[in-house]
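# Analysis of the macromolecular model
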Amino acid sequence: MLADTAEKIKSMEVRGAGRIAREAVKALRDHATSLQAATVAEFREGMEEAASVLVSTRPTAVSLPNAIHSVMATLRRDFPSVGSARGEFLQACDSFVAASLLAVKKIGEIGARHIRDGDVLMTHCNSEAALACMLEAWRIGRDFSVFATEVRPRNQGLLTIGTLEEAGIPTNFIVDSAARYFMNEVDLVIVGADAISVNGAVVNKIGTSQIALAAHEARTRVMVAAETYKFAPRTILGEFIRIEERDPAEVLPPDIAGKFRHVRVRNPAFDVTPAEYVDLIVTEAGAIPPQMAYIVIRDILGWDIGDFMHGMPGNGREG
Ligand code: RUB
């Protein structure tokens, strides 16, 4: 189950930062249920090994290490028996999954208030949190339409138009490079996030920063929908968020790429949108300007610079 989930995250059968976090926690939960250990220390060690397998599956979505860190933190306490450690751990996993789903619902409710009658929206990639805002706005009777991009090379836009179609929301499907062409018709860009750094920069699917730049030029608002566990604590220390570069075969089949001797195919999966191109980040704790990212990390995630100085295990990205 653990190796299976790790493989599904790597191959993107499970994808999207929120889902990745929940599936990883569910896999840890299953692992904890069956893990044989004679002592609490042995149980802790076995769980740490499992956590490290999952954490290394995809490097950019900070929701993954944050989620794992939050449930693994339970095991730092003293327990009288393996049974009690296991019990607490399972409970922490259940709470995380429930809180994560509730966060998406709350984001939907808050984000929906920023969508007005007659608005034209643009979205990029397939974000559960961004879609929650659109679905809730539609449910409460807002009348709007959406431009959804294709999202080369993995075509996550198809998932997005599937959801919008099911809800009956009028949608235009466009290639990624048509984003600027249509931007003057757009009132609000709404995207999700894989990670948000302490300076409010938003890491999301490759192409997001181009869209945000076009929106900035057209004076179109940009709203990011993201659970607070997508904020990256270790960026307080100046660590960068690592951008995953995936297999070139996703962009160009090897039989075609093989014909080029001087061409290297590059396939970064994410990019960084600076805070100044983002108007608002909608979290489950409320809508904030990106400049408040530090407050989220310190007051909501509960990480302060001292935590790192006292050797707490890392839950941010290297790189
Ligand atoms: C997914 C992506 C999504 C964020 C947020 O990239 O960039 O916008 O993960 O999604 P990939 P959510 O398809 O490479 O995982 O709001 O669902 O967490």
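What comes next is a walk through the structure. (Residues numbered from 1 in each chain as written. Predicted model: local features only at pLDDT ≥ 70, side-chain atom pairs only at ≥ 80, totals over all residues. Heavy atoms only, no water.)

### As for the overall build of the chain
Keep this limit in mind: Under the DSSP-based scheme used, a helix requires at least four consecutive residues in state H or I and a strand at least two consecutive residues in state E, with every element numbered from the N terminus. This radius of gyration counts C-alpha atoms alone. The globule rule is 2.2 Å times how many residues there are, raised to the power 0.38. Burial classes: relative accessible area under 20% of the type maximum marks a residue as buried, over 50% as exposed, and values in between as partly exposed (1.4 Å probe, protein chains only). Note on definitions: a residue-residue contact is assigned when non-hydrogen atoms from the two residues lie within 4.5 Å. Where accessible areas are quoted, they stem from the Shrake-Rupley method and a 1.4 Å probe; at the residue level, only the protein chains shown are allowed to cover. Charge counting treats Lys and Arg as positive and Asp and Glu as negative, with His and both chain ends excluded. Where a charge lies is defined by one atom per residue type: Lys uses NZ, Arg uses CZ, Asp uses CG and Glu uses CD.
Check the secondary structure of the chain and you find 12 helices and 10 strands. In summary, the chain has a C-alpha radius of gyration of 20 Å against a globular reference of 20 Å for 319 residues, a match within 12%. The C-alpha extent of the chain, read off along each of the three principal axes, is 65 × 50 × 40 Å. Within the chain, buried positions represent 52% of all 319 residues. Put simply, of all contacts in the chain between residues at least 6 apart along the chain, 78% involve residues at least 24 apart. Surface summary for the chain: the accessible area is close to 14,600 Å², and the carbon and sulfur share equals 53%. In the chain, 34 positive and 41 negative side-chain charges are present, and the distance between their average locations comes to 1 Å.

### Some points on the sheet that holds strand β4 (residues 188-191)
The test is simple: Two strands pair under a simple rule: DSSP has to find at least two bridges between them. Orientation is described by axes fitted as lines to C-alpha atoms, over the contacting stretch for helices, and by angles from 0 to 180 degrees between their N-to-C directions.
Spatially, β3-β2-β1-β4-β7-β9-β10 is the arrangement adopted by the 7 strands of the open sheet, whose pairing is mixed. Strands at the two margins of the open sheet, each flanked by one partner only, are β3 (171-174) and β10 (286-288). On average, each strand axis in the sheet is inclined to that of its neighbour by 25°, with strand direction left out of account. Pairing geometry for β4 and strand β7 (residues 221-225), over 4 bridges, is parallel. Counted as the bridge partner of I190 is M223 from β7.

### Some points on the packing of helix α5 (residues 82-112) against helix α6 (residues 128-139)
So the rule is basically this: For classification purposes, an angle smaller than 35 degrees is called roughly parallel, one larger than 145 roughly antiparallel, one from 65 to 115 roughly perpendicular, and anything else oblique. Should the near helix be turned anticlockwise from the far one by less than a right angle, the crossing is termed left-handed; should it be turned clockwise, right-handed. Asp, Glu, Lys and Arg are counted as charged, while Ala, Val, Leu, Ile, Met, Phe, Trp, Tyr, Cys and Pro are counted as nonpolar; the rest, among them Gly, fall into the polar class.
At a minimum axis separation of 7 Å, α5 and α6 run at an interaxial angle of 55°. If you check the angle between α5 and α6, you find them oblique. As for how α5 packs across α6, the hand of that crossing is right-handed. Of the residues in α6, those in contact with V104, I107, G108, E109, G111 and A112 of α5 are E128, A129, A132, C133, E136 and A137. In the contact of α5 with α6, the residues fall into 7 nonpolar, 2 polar and 3 charged.

### Quick word on the packing of aromatic side chains
We apply this condition: Stacked, tilted and edge-to-face pairs are distinguished by plane angle, under 30 degrees for stacked and over 60 for edge-to-face with tilted covering the rest, among Phe, Tyr and Trp rings (Trp via its six-membered ring) whose centres lie within 6.5 Å. Any Lys NZ or Arg CZ found within 6 Å of a ring centre and within 35 degrees of that ring's normal is scored as a charge over the ring.
For the coordinates displayed, the defined rule picks out 4 aromatic pairs. Aromatic pair Y181 and F182: ring centres 5.0 Å apart, planes at 90°, arrangement edge-to-face. The ring of F270 has K205 lying over it, and the distance from NZ or CZ to the ring centre is 4.4 Å.

### Brief notes about the pattern of salt bridges
How we decide: Think of a salt bridge as a Lys or Arg side-chain nitrogen and an Asp or Glu carboxyl oxygen that are within 4 Å of each other.
Evaluation of the coordinates by the stated rule reveals 19 salt bridges. One salt bridge in this structure joins R139 and E136, with 2.9 Å as the shortest N-O distance. Of this pair, R139 and E136 both sit in helix α6, 3 residues apart, which is roughly one turn of that helix. Here E136 falls in the buried class, since its relative accessible area comes to 17%. Its salt-bridge partner being E250, residue R246 comes within 2.8 Å of it at the nearest N-O pair. On the basis of relative accessibility, which here comes to 17%, the residue E250 falls in the buried class. It is possible to trace a salt-bridge network through shared partners that takes in R58, R154, E244, R246 and E250.

### Points about the nonpolar core
We count it as follows: In this description, a nonpolar core means a group of buried Ala, Val, Leu, Ile, Met, Phe, Trp, Tyr and Cys residues linked to one another through side-chain atoms lying within 4.5 Å.
Ranked by internal contacts, the top residues of the largest apolar core, which has 34 residues, are L28, M47 and F89. Listed in part, the 30 residues of the second largest apolar core include I196, V222, I297 and F308.

### Side note on the sheet that holds strand β5 (residues 195-196)
Taken in spatial order, the 3 strands make up an open sheet running β5-β6-β8, and their pairing is antiparallel. Edge positions in the sheet fall to β5 and β8 (270-273), since each has one partner strand and no second. Sheet topology note: the β5/strand β6 (residues 202-205) ladder contains 2 bridges and is antiparallel. Note that in β6 the partner of I196 across the bridge is V202.

### Observations concerning the site of the ligand
Definition in use: Neighbouring residues are identified by heavy atoms, a residue being near a molecule or strand if any of them is within 4 Å of it. Within 3.5 Å is the distance limit for a polar contact, defined as a pair of N or O atoms, with the added protein rule that one can donate a hydrogen and the other accept it, and that residues adjacent in sequence qualify only through two side-chain atoms.
Around the ligand lies a shell of 18 residues, among which R15, S127, N204, K205 and K230 are the nearest. R15 is positioned with one of its side-chain polar atoms (N or O) 2.4 Å from an oxygen atom of the ligand. One of the backbone N or O atoms of G16 is found 3.0 Å from an oxygen atom in the ligand. The protein chains hide 100% of the 450 Å² of surface that the ligand would expose on its own.

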